Amino acid sequence: MHFNTFDTLTYINRRQKLKEKVNTGIILLLGNHESPMNYRDNTYRFRQDSTFLYYFGLDVAGLAAIIDTESGEEIIFGTELTIDDIVWTGPLPSVSDMAKSIGIDQTKDYTQLGTILSKARSSGRQIHFLPPYRHDNMIRLGDWFDMPVGVVNDKASLILIKTIISQRSVKEKGEIEEIHKAVHISANMHLAAMQYSLPGMKEYEVAARVHQEALKGGGDLSFATILTVNGETLHNHYHGNTIQEGQMILCDAGAETVKHYAGDMTCTFPVGKSFTQRQKEVYEIVLHTHESAVKMLRPGITYKEVYLKAAENIFSGLKALGLTKGDPAEAVHAGAHAMFFQCGLGHMMGLDVHDMEDLGEQYVGYTDTLTKSTQFGMKSLRLGRELEPGFVLTVEPGIYFIPTLIDKWRAEGKYKEYINYDKLETYKDFSGIRIEEDFVITETGSQLLGRSLPKTVAEIEALRSSVLK
Ligand code: GLY
């Protein structure tokens, strides 16, 4: 596990850059601990903190590190295994061997961390830490810094957050190669779903087949699989429905590699051999929107512009079907497209599937001068800022018919100048369609990560027909 790292110099260089940028005080970075599911020894799959992985590569529970930006000193904190531990977990390298493997000579027992931090604070040193997302680390920080758990996140270091985001946002060559692998495995997962699904199966049977491909890749899922005939529910993790001819499956799934880099793709395909006419029409709009958005990807463009164009394309496509009316640009400005496109167009991806979201969406996806919208729909756009070479992101437009939203807005008379509610009423059982791929921004445009899957109506129907022949 901890040996699936990049070479030692990669971590030394990353930490050197971090030290130089932060420049004053001590940086405290916490790894994750085992997390109990229903009792202490029955834990969730261990997932190391991504920032800890980025700077230290050590994929082991119960570690922490401090980096003194002024003296240059670096210390890894951990707990050596006792024979009682080894009986259950097997042997692990010592904390000092692990530290040496990533270029750090000093180690200390984890129990000393609180005292060291307390001494540093007493002598007036500034200590930078990140906002914790795990409650056990929140409690640790509260104890060490003598503050109520509820305020720990507010005390996180903005300079540390921004420095780490600027470093992690631009992917190194080795990281891009790793993400390529993750997306290849993710493509295998989707192909498996398309090749395996038969009318009469349960969604969970297909979800299990999808998960199998992630495990076969050597890692695991990068997030909980969405595999559903009710694709209008954006994060639908229920897998209990029987899949039936005439329905579509929306599969949003991805793998993470052994080094924990993520892939994230979505495909939508018919349970039977072909889409219905109505499904085909909406699918074509999503596909056109997807392809137009991909063509726009280049350094210098803001992802908000790409999102707004995608929203307009969706609105225009639906207008041709008689579901919307009026000027698309005006409708999008007003927010009417969010009846059909309630989420963003995509997000950064890397060590996290929503990369660095724990550090704050405003800082990852926006800037001091570009803040996140509060408008329904656009407020879910996680990435709005100008794109730069080395950014890795998803492009995932979709059209979703959400009956509760339709009823609510209709009753409120909302956007009635832009939405043809009588026609929309007949789409309430349609579900949803999303198409998602992953890209790296290059000097001149973008490059697809992993590989393409059957994506046009003809390609998907040919594949489904070969499965169901
Ligand atoms: N693929 C799941 C998500 O982006 O939220």
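Structure shown above.
A short tour of the structure in this document, coming up. (Residues numbered from 1 in each chain as written. Predicted model: local features only at pLDDT ≥ 70, side-chain atom pairs only at ≥ 80, totals over all residues. Heavy atoms only, no water.)

## Observations concerning the overall build of the protein chain
Counting its secondary structure elements, the protein chain contains 16 helices and 17 strands. Against the compact-globule benchmark of 23 Å for 469 residues, the protein chain has a radius of gyration of 24 Å, which places it among compact chains. Seen along its three principal axes, the alpha-carbon backbone of the protein chain occupies a region of about 70 × 50 × 45 Å. For the protein chain, with 469 residues in total, the buried portion stands at 54%. Within the structure as shown, the protein chain displays about 19,600 Å² of accessible surface, and the carbon and sulfur contribution to it stands at 52%. If the 49 positive side-chain charges of the protein chain are averaged to one point and the 61 negative ones to another, these points end up 3 Å apart. (Helix = DSSP H or I, 4+ residues; strand = E, 2+ residues; numbered from the N terminus. Rg over C-alpha atoms; globule rule 2.2 N^0.38 Å. Buried < 20%, exposed > 50% of the residue type's maximum accessible area, 1.4 Å probe, protein only. Areas by Shrake-Rupley, 256 points an atom, 1.4 Å probe, with all protein chains shown as cover. Lys, Arg positive; Asp, Glu negative; His and termini not counted. Charge placed at Lys NZ, Arg CZ, Asp CG, Glu CD.)

## Regarding the site of the ligand
Close contacts around the ligand come from Phe223, His235, Asp252, Asp264, His347, His354 and Glu396, and that covers them all. For the ligand, an oxygen atom lies 2.7 Å from a polar atom in the side chain of His354. Alone, the ligand offers 200 Å² of accessible surface; in the complex the protein occludes 92% of this. Classifying every residue of the shell around the ligand by side-chain character gives one nonpolar, three polar and three charged. (Near = heavy atom within 4 Å. Polar contact = N/O pair within 3.5 Å; in protein donor to acceptor, adjacent residues only side chain to side chain. Nonpolar A, V, L, I, M, F, W, Y, C, P; charged D, E, K, R; others polar.)

## Some thoughts on the pairing of strand 10 (residues 248-253)
In the case of a regular strand, side chains alternate between the two sheet surfaces. In terms of burial, strand 10 is a largely internal element, six of the six residues being buried. Both faces of strand 10 are covered, namely the face carrying Met248, Leu250 and Asp252 and the face carrying Ile249, Cys251 and Ala253. Here strand 10 runs beside strand 12 (residues 265-270); their pairing, made up of six bridges, is antiparallel. Each bridged residue has a counterpart across the sheet, and for Ile249 the counterpart in strand 12 is Phe269. (Pairing = 2+ DSSP bridges.)

## Some words on the sheet that holds strand 12
The strand order 9-10-12 describes an open sheet built from three strands, whose pairing is antiparallel. A single partner strand is all that each edge strand has here, and the edge strands are strand 9 (226-228) and strand 12. The sheet shows a mean angle of 10° between the axes of neighbouring strands, direction not considered. Contacting strand 9 and strand 10, helix 9 (residues 203-216) crosses the sheet at an angle of about 145° to strand 9. (Axes fitted to C-alpha atoms, helices over the stretch in contact; angles between N-to-C directions. Contact = heavy atoms within 4.5 Å.)

## Remarks on the packing of helix 8 (residues 173-196) against helix 16 (residues 457-467)
Relative to each other, helix 8 and helix 16 sit at 55°, their axes nearing to 8 Å. What the angle tells us is that helix 8 and helix 16 run oblique. Between helix 8 and helix 16, the residues in contact are Leu191, Met194 and Gln195 and Leu463, Arg464 and Val467, respectively. Broken down by class, the residue content of the contact of helix 8 with helix 16 amounts to four nonpolar, one polar and one charged. (Parallel < 35°, antiparallel > 145°, perpendicular 65-115°, else oblique.)

## Observations regarding the side chain of His290
Relative to the assigned elements, His290 resides in helix 10 (residues 277-296). Using a relative accessible area of 0% as the deciding quantity, one classes His290 as buried. A distance of 3.5 Å separates the side chain of His290 from the backbone oxygen of Ile435, its partner in a polar contact.

## A short note on the state of the cysteines
Under the definition given, this model contains zero disulfides. Left unpaired, Cys267 is separated from the closest cysteine sulfur, that of Cys251, by 4.9 Å. Between Cys343, a free cysteine, and Cys251, which holds the nearest cysteine sulfur, the sulfur-to-sulfur gap is 16 Å. (Disulfide = S-S within 2.5 Å.)

## A look at the packing of aromatic side chains
Each aromatic ring pair is described using two quantities: the centre-to-centre distance and the angle formed by the ring planes. Overall, the coordinates contain 15 aromatic pairs when judged by the stated rule. For the pair Phe6 and Tyr11, a centre-to-centre distance of 6.4 Å together with 40° between the ring planes defines the contact as tilted. Owing to a relative accessible area of 16%, Phe6 belongs among the buried residues under this scheme. The buried category is assigned to Tyr11, whose relative accessible area is 3%. For the ring pair Phe275 and Tyr283, a centre distance of 5.0 Å and an interplane angle of 40° mean the geometry is tilted. Neither residue differs from the other here; Phe275 and Tyr283 are each classed as buried. Connected via pairs of aromatic rings, a cluster forms that spans Phe340, Phe401, Tyr427 and Phe430. A cation over a ring is seen here: Arg14 above Tyr54, with NZ or CZ 4.1 Å from the ring centre. The ring of Tyr427 has Arg278 sitting right over it, with the charged end atom 3.7 Å from the ring centre. (Phe/Tyr/Trp six-rings, centres within 6.5 Å; stacked < 30°, edge-to-face > 60°. Lys NZ or Arg CZ within 6 Å of the ring centre and 35° of its normal.)

## Some thoughts on the pairing of strand 2 (residues 36-39)
Across two bridges, the pairing between strand 2 and strand 3 (residues 42-43) is antiparallel. Paired with Pro36 across the two strands is Thr43, which belongs to strand 3. Between strand 2 and the antiparallel strand that follows it, strand 3, lie two residues.

## Considering helix 14 (residues 403-412)
Taken together, the buried positions of helix 14 are Leu405, Ile406 and Trp409. For helix 14, the arc enclosing every buried residue in end-on projection is 100°, short of the 170-degree limit, so these residues lie on one face. Among the exposed residues of helix 14, those oriented more than 90 degrees off its buried face are Thr404 and Ala411. Taken together, the buried residues of helix 14 touch helix 15 (421-425). (Arc of directions from axis to C-beta.)

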